[in-house]
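# Chain and residue survey
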Amino acid sequence: MVEGMKKKLGWRQLAPGDLLGPATSLDFETGDWRTQRPIWDGEKCKNCLFCWIYCPDSAIMVKGKKMVGIDYRYCKGCGICAAECRFEAIEMKNEKGGGND
Ligand code: SF4
Ligand code: SF4
């Protein structure tokens, strides 16, 4: 080791910490954070599932390789799905009563 260089701790030397169990996000329904709501048009949808790939909240519902809707219990209204959809099948609208109408 070069003189004056600080020696880093290995992971075995770190104090044990808490671990969170998996899938805790399912316990928190974050849909009420939303100020905008994605509206899906099934007629325009081509089931490419880009929205499903990009949605950070896994709120795009898929059954049998087809999009079937949006789970508003978890959708935070970020608009990524609407931005990624090449077929304009998702449109962002203001939430009613959210002060943006
Ligand atoms: S990105 Fe658009 S066309 Fe593709 S599955 Fe989603 S809504 Fe349908
Ligand atoms: S608005 Fe954001 S969180 Fe909601 S479905 Fe689209 S990508 Fe997912």
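Here the structure is shown first, and the text comes after it.
All of the points below concern the structure found in this document. It should be emphasised that the depicted structure is a prediction, and the values quoted were computed from it without experimental measurement.

In the neighbourhood of ligand 1, the contacting residues comprise W40, C45, K46, N47, C48, L49, C51, M67, C85, F87, A89 and I90. A majority-of-atoms criterion places ligand 1 in the second largest cavity. For the shell around ligand 1, the residue count by class is 10 nonpolar, 1 polar and 1 charged.

Among the 14 residues in the neighbourhood of ligand 2, the closest are listed as C55, C75, C78, G79 and C81. More than half of the atoms of ligand 2 fall within 2 Å of the grid points belonging to the largest cavity. By residue class, the composition of the shell around ligand 2 is 10 nonpolar, 2 polar and 2 charged.

The subject of this paragraph is empty space enclosed by the protein. Remark: the empty space left among the atoms is shown by a probe the size of a water molecule rolled over them. Taken as a whole, this structure holds 2 cavities of 30 Å³ or more when the rule is applied. Within this model, the largest cavity holds a volume of roughly 100 Å³. Taken together, 15 residues form the lining of the largest cavity, with P38, C55, C75, C78 and C81 sitting closest to its centre. Here the residues of the lining of the largest cavity sort into 11 nonpolar, 2 polar and 2 charged. Of the volumes computed, that of the second largest cavity is approximately 80 Å³. As for the second largest cavity, its lining consists of 13 residues, and the residues nearest its centre are C45, C48, C51, M67 and C85.

There is a patch of nonpolar side chains on the surface, built from W52, I53, Y54, V62 and I80 and spanning about 460 Å² of accessible area. Counting residues per element, the nonpolar patch draws most heavily on helix 1 (residues 50-54), at 3 residues. Among the secondary structure elements, I80 is positioned in helix 2 (residues 80-84). Residue I80 is classed as partly exposed on the basis of its relative accessible area, which comes to 32%.

Turning next to the packing of aromatic side chains. Any two aromatic rings considered together are summarised by their centre-to-centre distance and by the angle between their planes. In this structure the tally under the stated criterion is 1 aromatic pair. Between the aromatic rings of F50 and Y54, the centroid separation amounts to 6.3 Å while the plane-to-plane angle is 10 degrees, which identifies the pairing as stacked. Of this pair, F50 and Y54 both sit in helix 1, separated by 4 residues, roughly a single helical turn. Stacked on the ring of Y72, the Lys or Arg R37 has its end atom at 4.2 Å from the ring centre. Here R86 stacks its cationic end above the ring of F50, 4.0 Å away from the centre of that ring.

For the rest of this paragraph, the subject is the environment of P38. Among the structural elements, P38 can be located in strand 1 (residues 36-40). Between the alpha carbons of P38 and I90 there is a distance of 6.0 Å; along the sequence they are 52 residues apart. Non-local contacts of P38, meaning those with residues more than four positions away in its chain, are made with I70, Y72, C75, C81, I90, E91 and M92.

How each quantity is defined
- Residues numbered from 1 in each chain as written.
- Chains lettered and ligands numbered in written order.
- Predicted model: local features only at pLDDT ≥ 70, side-chain atom pairs only at ≥ 80, totals over all residues.
- Heavy atoms only, no water.
- Near = heavy atom within 4 Å.
- 1 Å grid on protein atoms, 1.4 Å probe; cavity = no way out; pocket = protein on both sides within 12 Å on 5 of 7 lines; lining within 4 Å.
- Sits in = over half its atoms within 2 Å of the grid points.
- Nonpolar A, V, L, I, M, F, W, Y, C, P; charged D, E, K, R; others polar.
- Points joined across faces, edges and corners; volume = space filled by probe spheres on them.
- Patch = residues over 30% accessible without salt bridge, like charges linked within 9 Å, V, L, I, M, F, W, Y side chains within 5 Å.
- Areas by Shrake-Rupley, 256 points an atom, 1.4 Å probe, with all protein chains shown as cover.
- Salt bridge = Lys/Arg side-chain N within 4 Å of Asp/Glu carboxyl O.
- Helix = DSSP H or I, 4+ residues; strand = E, 2+ residues; numbered from the N terminus.
- Buried < 20%, exposed > 50% of the residue type's maximum accessible area, 1.4 Å probe, protein only.
- Phe/Tyr/Trp six-rings, centres within 6.5 Å; stacked < 30°, edge-to-face > 60°.
- Lys NZ or Arg CZ within 6 Å of the ring centre and 35° of its normal.
- Contact = heavy atoms within 4.5 Å.

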